[in-house]
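Spelled out from the first residue to the last, the chains are:
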Amino acid sequence: MDFYYGLAQTIGVHTLLGLSAYIVLLTGQVTMAQAAFFAVGAYTAGMLTVLGGWHLVPAIGAGALTGAVTACAVGFPALRVKGLMLVVATLAFGEGVRLFFFNFDYQVAKGEIRVGPLGGEGALPSFDEDFVGGAANLDYTERPTITYTPLAGEAFSRRMLQTVPIEVLFSLGQSGWPPDVLLRIAVQRIGETENIAFAPGNLAGEQAFRAEADKLERYDRVIELLLRLQHAGAIE
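Colleague: It is not clear to me how the packing of aromatic side chains should be interpreted in this structure. Could you clarify?
Modeller: Here the distance between the centres and the angle between the planes together describe a pair of aromatic rings. Tallying each qualifying case throughout the model produces six aromatic pairs. Aromatic pair Phe100 and Phe101: ring centres 5.2 Å apart, planes at 70°, arrangement edge-to-face. Judged by its relative accessible area of 48%, Phe100 is partly exposed. Ring centres of Phe100 and Phe104 lie 5.4 Å apart, and the angle between their planes is 20°; on these two criteria the pair is classed as stacked. Grouping aromatic residues by their ring pairs yields a cluster made of Tyr43, Phe100, Phe101 and Phe104.

Pasting the structure below:
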């Protein structure tokens, strides 16, 4: 059901974006700022619900009002130019909004997690360093990922080698990623059963190859048993 909710949300957002562009085209002008106004309204509504504790309906209304006020503030001076210069002006505004929210970091503590906008990470919760959820004996290793950002130099290199926080893995699991995939790419061992993907290197020889194959088979067997327990409702 979550998949269909997400699908309806995506269709709705893109439909509204398309209608906003179509209405402007009816006037004979072209603007590139629709996504920026959407971002202002979305961040406003999201922060009011998560940080302010507002109900969803008034938060959406406040977000729409904020986006409309921003559009009026930008539209009046921008409409002094037309044609290509209007496209450039609205495109520059949209890029400015994107960079602002990409670097916007404002989180507050709620219990053992911190919630709120986290720059390029979006609005994912940040767990305290000494907080571990669940009752399983689980070892994990943060692994690097490659992300594209319009940065250069040292900042670009640092962003490329940024590690994946464990709260991101929890969010991926809740969003529908297969648990067996996450267990293979992020978990070093389950109990005494080791994931050979984290082994420091491969030993030569047929005996070493068979030993690694046995480890892989045991780890896959543990994952299969965990999935069966999950399907049976014994674990979440």
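Colleague: Just checking my understanding: could you explain a nonpolar patch on the surface for this structure?
Modeller: On the surface, Met1, Phe3, Tyr4, Tyr5, Leu7 and Ile11 cluster together into a nonpolar patch covering about 750 Å² of accessible area. Summarising the element assignment, Ile11 is placed in helix 1 (residues 2-26).

Colleague: What is the right way to look at the environment of Ala62 in this model?
Modeller: Tracing the sequence through the fold places Ala62 in helix 3 (residues 56-78). Between the C-alpha atom of Ala62 and that of Ala42, which follows or precedes it by 20 residues, the distance is 9.7 Å.

Colleague: Which parts of the structure should I look at to understand the packing of helix 1 against helix 2 (residues 34-50)?
Modeller: To characterise two packed helices, one gives the angle between the axes of the helices and the distance between these axes. Remark: helix 1 packs on helix 2, axes separated minimally by 10 Å, with the N-to-C direction vectors making an angle of 135°. When the axes of helix 1 and helix 2 are compared, the pair comes out oblique. Handedness of the helix 1/helix 2 crossing: right-handed. From helix 1, Val13, Leu16, Leu17, Ser20, Ala21 and Val24 reach across to helix 2, where they touch Gln34, Ala35 and Phe38.

Criteria and thresholds
- Residues numbered from 1 in each chain as written.
- Predicted model: local features only at pLDDT ≥ 70, side-chain atom pairs only at ≥ 80, totals over all residues.
- Heavy atoms only, no water.
- Phe/Tyr/Trp six-rings, centres within 6.5 Å; stacked < 30°, edge-to-face > 60°.
- Buried < 20%, exposed > 50% of the residue type's maximum accessible area, 1.4 Å probe, protein only.
- Patch = residues over 30% accessible without salt bridge, like charges linked within 9 Å, V, L, I, M, F, W, Y side chains within 5 Å.
- Areas by Shrake-Rupley, 256 points an atom, 1.4 Å probe, with all protein chains shown as cover.
- Salt bridge = Lys/Arg side-chain N within 4 Å of Asp/Glu carboxyl O.
- Helix = DSSP H or I, 4+ residues; strand = E, 2+ residues; numbered from the N terminus.
- Axes fitted to C-alpha atoms, helices over the stretch in contact; angles between N-to-C directions.
- Parallel < 35°, antiparallel > 145°, perpendicular 65-115°, else oblique.
- Left-handed = near helix turned anticlockwise from the far one by under 90°.
- Contact = heavy atoms within 4.5 Å.

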